[in-house]
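# Commentary on secondary and tertiary structure
What follows is each chain in one-letter form.
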Amino acid sequence: MSELDKEYEASLKSIETENVIDRIFYRPIGFRIARMLRGTGITPNMVTVVSIFVGAAVGLLFYQDDLYYNICGILLLICANILDCVDGQLARLTGIKSAIGRILDGFAGDIWFASIYVGFAARLSNEYGTSLFFILAVLSGMSHLVQANITDYYKTLHLYFISKDKGAEFQSLEQVEARHKAMRYGVNKFFYFLYRWYTMLQVKATPVLQRMLRSLRERYGDDIPEDIRLDFRKRSRALMRYIDLLTFNGRTIVMFVIVLTGQVWAYFLYEILVLNIVLVFVSRRHERMCSAFVDR
């Protein structure tokens, strides 16, 4: 493996949690941009803020019932996701990492899709003469938030079973609450308050996973045996094909097709019905997988 390849791999959280589109498109582009930005004084958080504004503008372009604007919206959303890759890869290349940066990065995608759902609802309201589509936008936003929350938890958990270093972002609710309590009042404490509720939802939605973690920590502390780590990752990877349907790439492939055909109402049905069914399926499979490691 060349030095460049090693540097590229070091810029990723883990090859194991990257899906095909990220590996062949988004991550390589993000890596090249991150290398160019390294040493310029531009921080990962600056890139995240830019990505938020770029992604939020997509809703305005999808609001237009015009193919040209819609194609521009698709390209802009692709650019926003490239920037989302850049901030994380730049952080790992430079070592400039912060808890607030990770929280801000997580909220970036929520802001993009919130603007898109509002854009879709406004477009459909103009077309059909009713504001009821905003109800679908709210339901889609809530569904998206839960789906993104749980899938992020599963992927971060997978990293935890790779190594302590890779899984450094995986924190228990008690750790998050303690850190939030110790923080001084200000913007950072506010964002961490939101992250506290984000983590609480993850914990409440995964009772068997929590029992597994308690069981493993009681017996091994932070030194989980390698055979258990490997077995967990093998089982977890088998679920990734379904989990990936709930990620940015799984979502936007369908979204782009729907936007190009002009039938944007169909995306609300896809988000609310199809992806929530996938979430329930994945959650049950993941909980069943975790039960195999309780008291092991």
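Residues numbered from 1 in each chain as written. Predicted model: local features only at pLDDT ≥ 70, side-chain atom pairs only at ≥ 80, totals over all residues. Heavy atoms only, no water.

Let's shift gears to the UniProt feature "transmembrane region" (unreviewed entry) in the protein chain. In this numbering, the UniProt entry assigns the feature "transmembrane region" (unreviewed entry) to residues 42-62, 68-91, 103-122, 128-146, 239-258 and 264-282. Taken end to end, residues 68-91 has its terminal C-alpha atoms 35 Å apart, with 100% of it in helix and 0% in strand. Taken end to end, residues 264-282 is 95% helix and 0% strand, and its two terminal C-alpha atoms sit 26 Å from one another. (UniProt positions renumbered as here; feature names shortened; annotations may be inferred. Helix = DSSP H or I, 4+ residues; strand = E, 2+ residues; numbered from the N terminus.)

Quantified by volume, the second largest pocket comes out at close to 240 Å³. Looking at the second largest pocket, it is lined by 13 residues, and the ones nearest its centre are Asp110, Ala114, Gly141, Met142 and Leu145. Per element, the largest residue contribution to the lining of the second largest pocket is seven residues, and it comes from helix α6 (residues 99-128). Residues of the lining of the second largest pocket, tallied by class, amount to ten nonpolar, two polar and one charged. (1 Å grid on protein atoms, 1.4 Å probe; cavity = no way out; pocket = protein on both sides within 12 Å on 5 of 7 lines; lining within 4 Å. Points joined across faces, edges and corners; volume = space filled by probe spheres on them. Nonpolar A, V, L, I, M, F, W, Y, C, P; charged D, E, K, R; others polar.)

Moving on, we come to empty space enclosed by the protein. Throughout the structure, instances matching the rule amount to one cavity of 30 Å³ or more. A volume near 70 Å³ is recorded for the largest cavity. Along its surface, the largest cavity is lined by Arg102, Asp152, Tyr153, Thr156, Glu169, Phe170, Gln171, Tyr195, Tyr198, Thr199 and Gln202. The dominant element in the lining of the largest cavity, judged by the number of residues it contributes, is helix α9 (residues 187-204), at four residues. Residues of the lining of the largest cavity, tallied by class, amount to four nonpolar, four polar and three charged.

Glancing now at the packing of aromatic side chains. Here the distance between the centres and the angle between the planes together describe a pair of aromatic rings. In total, this model carries 22 aromatic pairs according to the counting rule given. Seen in terms of ring centroids, Phe232 and Phe293 are 5.5 Å apart; in terms of plane orientation they differ by 65 degrees. Their pairing is edge-to-face. Here Phe232, found in helix α11 (residues 226-243), pairs with Phe293, found in the segment after α13 (265-291); they are 61 residues apart in sequence, far enough to count as distant. The class for Phe293 is buried, based on a relative accessible area of 0%. Site record: aromatic cluster; members linked through ring pairs are Phe25, Tyr26, Phe62, Trp112, Phe113, Tyr117, Phe120, Phe248, Tyr267, Phe268 and Tyr270. Directly above the ring of Phe113 sits Arg251, whose terminal nitrogen or CZ lies 5.9 Å from the centroid. (Phe/Tyr/Trp six-rings, centres within 6.5 Å; stacked < 30°, edge-to-face > 60°. Buried < 20%, exposed > 50% of the residue type's maximum accessible area, 1.4 Å probe, protein only. Lys NZ or Arg CZ within 6 Å of the ring centre and 35° of its normal.)

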